[in-house]
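# Close look at the chain arrangement
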Amino acid sequence: MAYFPNIEKIKYEGTKTDNPFAFRHYNPEEIVLGKTMKEHMRFSIAYWHTFVNDGNDPFGQGVNERTWLTDDPMQTAKNRVEASFEFYQKLGVEYFCFHDVDLVPESDDIKETNHRLDEITDYILEKMKETGIKCLWGTA
């Protein structure tokens, strides 16, 4: 399933583009001081901030629409992994970071929580191998 079906891979189009889904200043292949911009700027997506948080803040309720949410928390966790890797690829981002409890719903039973983490981290590893996208850091 595509979670962002109307968005193509984001590309550099320069400052004159009217495409709202284009890079205007970041050209990954442009050489700056002997290195490409891609080499200088190793972007990473923070999993919780981008895929888990609903966009709420001290001033109001969440506004983010999450097409991957289901009534089954583990299916939601798997969908979230799929959506995140689709997003990373469309942006051309090679790294992500996370906190352990970002990945799965916690259970009242630590063994169940750990089982859930094992299941999802195995799935993330599959996606990493499939795409070449790497984990910059994970905290526990």
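Every chain begins its residue count from 1, and numbering advances along the sequence as written. Only residues with pLDDT of at least 70 are given local features in this predicted model, and only at 80 or more are side-chain atom pairs given and counted; all residues enter the totals for whole chains, interfaces and linings. Hydrogen atoms and water are omitted, and side-chain values are computed over all heavy atoms in the structure.

Glancing now at the environment of M74. Looking at the element boundaries, M74 is found in helix 3 (residues 73-91). When a residue's accessible area, from a 1.4 Å probe over protein chains only, is under 20% of the maximum for its type it is buried; when over 50% it is exposed; and in between it is partly exposed. According to the relative accessible area criterion, M74 is buried, its value standing at 13%. For M74 and L103, which are 29 residues apart along the polypeptide, the C-alpha to C-alpha distance reads 9.5 Å. Not counting chain neighbours up to four residues away, the residues in contact with M74 comprise V104, P105, R116, E119 and I120. Helical segments are the DSSP runs of H or I of at least four residues, strand segments are the runs of E of at least two, and each set is numbered from the N terminus. Any pair of residues with heavy atoms lying within 4.5 Å of one another is described as a contacting pair.

Pairing between strands is defined by DSSP: at least two bridges between the two strands are required. The strand order across the open sheet formed by 3 strands is 5-6-7, and the pairing between neighbours is parallel. Pairing within the sheet leaves two strands with one partner each, and these edge strands are strand 5 (44-46) and strand 7 (134-139). Between one strand and the next, the sheet's axes are offset by a mean angle of 20°, whatever the strand orientation. Bridge count for strand 6 (residues 95-99) against strand 7 is 5 bridges, and the pairing is parallel. The residue of strand 7 that forms the bridge with F98 is G138. Helix axes are fitted only over the stretch in contact, all axes being lines through C-alpha atoms; the angle between N-to-C directions runs from 0 to 180 degrees.

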